[in-house]
Amino acid sequence: MLRCAFFRFAATCEKVGLASRTSRALPLEFFIAPYNDFIERKVMSFEPKILGIACNWCTYTGADLAGTTRLQYPPNVRVVRVMCSSRINPSFIFRALQFGADGVLVGGCHPGDCHYNTGNLYARRRLATTKKILEFAGIEQGRFRVEWISASEGNRFAEVIEEFTTQIKNLGPQTKLKIQE
Amino acid sequence: MSRIGVFVCHCGLNIAKTVRVSELAEFAATLPDVVVARDYKFMCSTPGQEMIANDIKQYKLDRVIVTACSPLMHEKTFRKVIESAGLNQYLLTIVNIREQLSWVTHDIEEGTSKAKALLNGAVYRARNLAPLSSRVIDVNPDVMVVGGGIAGIQAALELANTGKKVYLVEKNSTIGGHMAQFDKTFPTLDCSACILTPKMDAVLQHKNINLMTYCEVSEVKGYVGNFDITVKQKARYVDHSKCNACLACTEKCPGKGVSEWDEGLVKRKAIYIPFPQAVPQKPVIDKESCTYFIKGKCKLCQKVCEQKAIDYEQQDTFSTVKVGAVIIATGYDLMDTKPLVQYGYGQYPGVYHSLEVERLFNSAGPTGGKVTLRDGSEPKSIAILHCIGSRDKNYCEHCSRVCCMYSLKFAHLFKEKTSADVYQFYIDMRAAGKGYEEFYNRLIEENVKFIRGKGARVAESEEEPGRLIMEAEDTITSKFMRVPVDMVVLCPAIVPREDAKEIGRLFNLSTDKQGFFMERHPKLAPLATMTEGIFIAGVCQSPKDIPDTVAQANGAAAEALTIVSMDKMELDATTAMVNPAACCGCQNCVRVCPYGAPSYNPDKRVSEINEALCKGCGCCASVCPTSAIIARHFTNEQVLAEMEGLMEF
């Protein structure tokens with residue numbers, strides 16, 4: 001965001017005929033160097049809190065497998081175990097954001113492989129709708145993610161956490177729904 | 001106000017390496033409602049368990065939090081501990097700080113702070129827990145075994161010998177599986193038929209075994225202790241209750257089908273038994289190749305049958321079997337090697353796959369045990385190629401485990417039966433097993449040529465038409481080789497049965513990347529699956545040799561026995577219930593439940609849940625608009641409290 005602001009500033013300068021050459025010729029560091037401390041403190045050191053909700057049979061077991069095989073992923077995710085992804089009431093997602101989660105990740109069995117036959121098919125529709133409502137409420141799309149991770153896909157779990165954490169770091173803290181103390 | 005005890009496990013250094021456990025325990029003691037917090041080296045050991053039990057009594061704890069490994073690992077262990085100390089077992093919360101924390105994090109600061117957050121979540125959850133009472137159900141004493149290979153046969157016999165009734169379901173018209181196709185077994189070179197056929201016969205004769213050949217499982221209902229399994233009996237077009245196995249029909253039949261048993265090397269009749277020692281030794285009609293079914297006339301078999309056993313009108317029939325436990329032993333297929341065009345399988349007649357060669361060696365096989373090529377001549381030079389499709393990122397990443405050893409067996413048999421030169425093209429020789437390395441050494445002395453290098457290509461020889469050229473790189477001498485050969489034997493990857501996916505869906509089993517069935521735990525529960533009461537044995541779990549398969553089958557039989565030898569068993573109490581005062585009668589729950597547990601009571605205008613059918617997924621609880629449905633142990637309050645706690649730190 002900060003970078004964008006500087007680019008915009010440079011572009012404005014160009015439009016009004018100010019320092020056009022300098023702004024183009026100068027490296028980016030020139031613009032942001034004075035704010036390096038700020039960037040490091042506020043943006044880079046932002047450690048998001050990510051809530052994971054995982055089904056017992058596939059994603060939770062997959063997450064265990066990631067551990068058993070000693071894969072490494074960021075410590076930002078905290079997983080709540082439920083028996084099936086269909087247990088997840090959309091209100092859980094909203095409550096999580098109110099509790100201060102910067103991102104919410106839901107994990108279930110691959111569609112068609114549900115331990116309870118059809119549970120994740122309901123979850124899929126329900127969560128797709130939730131995504132729409134979140135969008136409507138003004139929550140950035142990237143903050144909520146649904147992934148199908150089977151019990152044998154430990155590496156997939158680690159990959160998803162890695163990706164999602166970076167994504168949330170880029171989005172910055174979630175303040176829209178968070179209940180302020 | 002609850003009185004919570006927190007017990008933090010070091011798990012040796014597994015947890016203590018990336019989490020400051022004593023700091024975590026001190027932190028726990030500061031949380032509201034926590035009365036006692038301790039850390040210990042191994043919480044699951046006897047002193048650890050005693051410590052928990054003593055503290056429950058001493059501090060009058062009414063909630064226990066164990067901060068250790070995954071609940072999938074030791075939840076049951078700790079539930080027993082607190083139960084023995086007089087606390088309801090559902091008042092336990094496990095915090096997973098090993099699999100999902102210490103093993104996936106390097107930094108001790110990050111690890112400790114995440115552990116604090118997880119522990120805080122657990123404290124929040126624990127406050128909201130309620131004692132639950134387990135359901136007690138009757139257990140059906142019978143067992144079903146799916147698959148009649150050596151694993152299925154062994155498991156069925158073991159169970160039947162203990163006096164339990166066993167239903168052995170086999171897809172083919174005979175039991176025996178792949179082992180019955182082999183001639184010799186490595187490394188002892190004892191005759192496969194001699195050790196298997198007595199077992200097959202024992203299955204047929206056993207009064208406790210109900211042998212269901214030419215059958216498939218079509219539907220599975222119920223749960224551990226009480227499965228209702230629908231079995232489809234495919235139409236044999238021969239009434240086996242009348243047939244006296246004279247086999248006059250098989251002599252007269254003019255139909256020609258491809259013999260699956262001989263891997264397509266020869267033709268068989270349309271009414272047939274797969275091989276002379278088949279069990280049961282009664283024929284079936286293959287509709288695809290039968291002249292009557294194709295052209296509408298023939299009926300030669302009906303004419304010669306004195307027992308009037310031929311019935312062209314027979315239909316598939318379905319029957320329901322009630323059992324308490326199931327053993328799945330569906331075995332394997334060989335990978336189709338046709339897509340690997342560089343090896344020319346299907347293109348050059350001199351290229352064989354390993355099961356075809358097993359049949360060539362077999363004295364009951366198409367050549368009567370003589371090693372001849374498809375044109376009838378004897379090969380003078382033979383190449384055996386290991387790892388075709390296995391250990392290959394493009395096809396199957398796994399090692400098929402038995403190929404090295406059966407290749408050695410082939411080499412020995414080729415040397416014994418022909419005067420050919422035998423070349424082995426291998427990547428690594430894997431001879432880990434009792435007597436395997438010794439067998440390998442013996443083969444080296446038998447003048448078999450071992451070339452370390454994967455076979456690259458099979459091509460037709462330009463100098464000598466009709467012969468093949470085997471191209472490979474010898475990685476020891478770094479030389480490119482072109483070896484003229486008459487016969488190439490491919491050792492394809494072992495893959496799960498084509499219909500394994502379907503079986504997995506029916507019995508609710510998950511599969512790994514290759515499609516083999518997943519065990520509950522790779523080390524400590526290699527035969528159990530995620531579905532209670534369903535066990536796996538043999539190659540359907542992963543490639544293995546006959547001794548390992550038999551050992552697994554015995555193990556699975558013992559595991560199944562522990563279930564079916566109980567009269568009653570406890571089921572998880574984590575079912576859903578309806579609060580009738582809040583229910584609005586919308587019937588959403590009735591619509592979404594895959595098991596039909598909720599039903600609508602029109603008199604009271606509310607839904608009711610049949611707990612015997614409920615499996616506790618909680619789907620109904622999340623569609624309930626008035627939150628009248630409570631998913632026990634995963635109630636809205638419990639889940640939301642846990643979330644709140646997790647997000648607090």
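Before going into details, it helps to say that this report is about the structure given with it. Since the model is a prediction, treat every value here as computed from it, not as a measurement.

1. Let's talk about the overall build of chain A
Each helix and strand in chain A was counted, giving eight helices and four strands. When its helices and strands are written in sequence order, chain A yields α-α-α-α-β-α-β-α-β-α-β-α. Across the 181 residues of chain A, 46% fall into the buried class. Taking contacts inside chain A between residues at least 6 apart in sequence as the whole, the part at least 24 apart equals 80%.

2. Considerations on the interface of chain A and chain B
A common measure of how large an interface is: the accessible area buried when the components associate. Of the residues lining the interface, 41 residues belong to chain A; the matching set on chain B comes to 41 residues. Secondary structure elements with two or more residues in the side of chain A that touches chain B: helix 5 (59-68), strand 2 (77-82), helix 6 (90-98) and helix 7 (119-136) of chain A. For the side of chain A that touches chain B, the element with the highest residue contribution is helix 5 of chain A, accounting for six residues. Across the side of chain A that touches chain B, the residue classes break down as 21 nonpolar, 13 polar and seven charged.

3. A closer look at the environment of Phe186(B)
Residues and elements named next belong to chain B. Among the structural elements, Phe186 can be located in the loop between strand 8 (184-185) and strand 9 (190-191). Separated by 223 residues in the primary sequence, Phe186 and Lys409 have C-alpha atoms spaced 6.0 Å apart. For Phe186, the residues in contact, after removing those within four places along its chain, are Met405, Tyr406, Leu408, Lys409 and Phe439.

4. Quick look at helix 1 (residues 21-30) of chain B
Residues and elements named next belong to chain B. Those residues of helix 1 that sit buried are Val21, Leu24, Ala25, Phe27 and Ala28. Each buried residue of helix 1 sits inside an arc of 160° when the element is viewed along its axis, so together they form one side. In the core, the buried residues of helix 1 are packed alongside strand 1 (4-9), strand 2 (34-40), strand 3 (63-68) and helix 5 (108-127).

5. Examining the packing of helix 5 of chain B against helix 18 (residues 636-648) of chain B
All names here are of chain B. At their nearest, the axes of helix 5 and helix 18 sit 7 Å apart, and the two run at 150° to each other. Classed by the angle they form, the pair helix 5 and helix 18 counts as roughly antiparallel. Helix 5 and helix 18 meet at a crossing whose hand is right-handed. The segment helix 5 lies against helix 18, with Ala117, Leu118, Asn120, Gly121, Val123, Tyr124, Arg125 and Arg127 engaging Gln638, Ala641, Glu642, Glu644, Gly645, Leu646 and Glu648. For the contact of helix 5 with helix 18, a count of residues per class yields six nonpolar, four polar and five charged.

6. What to know about the sheet that holds strand 11 (residues 215-223) of chain B
Residues and elements named next belong to chain B. Across the sheet, which stays open at both edges, the three strands sit in the order 11-12-17 with antiparallel pairing between neighbours. Looking along the sheet, the strands with just one partner apiece sit at the ends: strand 11 and strand 17 (317-323). When strand polarity is set aside, the average angle formed by the axes of neighbouring strands in this sheet is 20°. Note that strand 11 and strand 12 (residues 226-233) share eight bridges and pair antiparallel. Across the sheet, the residue bridging to Tyr223 is Asn226, located in strand 12.

7. Details of helix 11 (residues 354-361) of chain B
Burial within helix 11 of chain B is extensive, with seven of its eight residues counted as buried. Against the buried residues of helix 11 of chain B lie strand 8, strand 19 (332-334), strand 20 (351-353), helix 12 (403-417) and strand 27 (487-492) of chain B.

8. Description of the environment of Glu110(B)
For Glu110(B), the position within the fold is in helix 5. The spacing of Glu110(B) and Ala270(B) is 160 residues in sequence and 69 Å in space, taken between C-alpha atoms. Ignoring any residue separated from it by four or fewer positions in sequence, one finds Glu110(B) in contact with Pro75(A) and Thr105(B).

9. Focus: the sheet that holds strand 24 (residues 455-460) of chain B
Residues and elements named next belong to chain B. Taken together, the three strands give an open sheet; going across it, the order is 24-25-26, and neighbouring strands pair in antiparallel fashion. This sheet does not close on itself; its edge strands, each paired only once, are strand 24 and strand 26 (479-485). Going across the sheet, the axis of each strand differs from the next one's by a mean of 25°, ignoring polarity. One ladder, built from seven bridges, connects strand 25 (residues 468-474) with strand 26; its direction is antiparallel. Considered in strand 26, the bridge of Asp474 is made with Lys479.

10. Let's talk about the pairing of strand 32 (residues 598-601) of chain B
Each regular strand shows side chains that alternate between the opposite faces of the sheet. Residues and elements named next belong to chain B. When strand 32 meets strand 33 (residues 606-609), the two strands line up antiparallel, connected through four bridges. When the bridges of strand 33 are listed, Ser599 appears paired with Glu608. Linking two consecutive strands that pair antiparallel, namely strand 32 and strand 33, is a turn of four residues; a positive phi of about 60° is found at Arg605 within it.

The rules behind these values
- Residues numbered from 1 in each chain as written.
- Chains lettered and ligands numbered in written order.
- Predicted model: local features only at pLDDT ≥ 70, side-chain atom pairs only at ≥ 80, totals over all residues.
- Helix = DSSP H or I, 4+ residues; strand = E, 2+ residues; numbered from the N terminus.
- Buried ≥ 20, exposed ≤ 12 C-beta atoms within 10 Å, placed from the backbone.
- Contact = placed C-beta atoms within 7 Å.
- Nonpolar A, V, L, I, M, F, W, Y, C, P; charged D, E, K, R; others polar.
- Arc of directions from axis to C-beta.
- Axes fitted to C-alpha atoms, helices over the stretch in contact; angles between N-to-C directions.
- Parallel < 35°, antiparallel > 145°, perpendicular 65-115°, else oblique.
- Left-handed = near helix turned anticlockwise from the far one by under 90°.
- Pairing = 2+ DSSP bridges.

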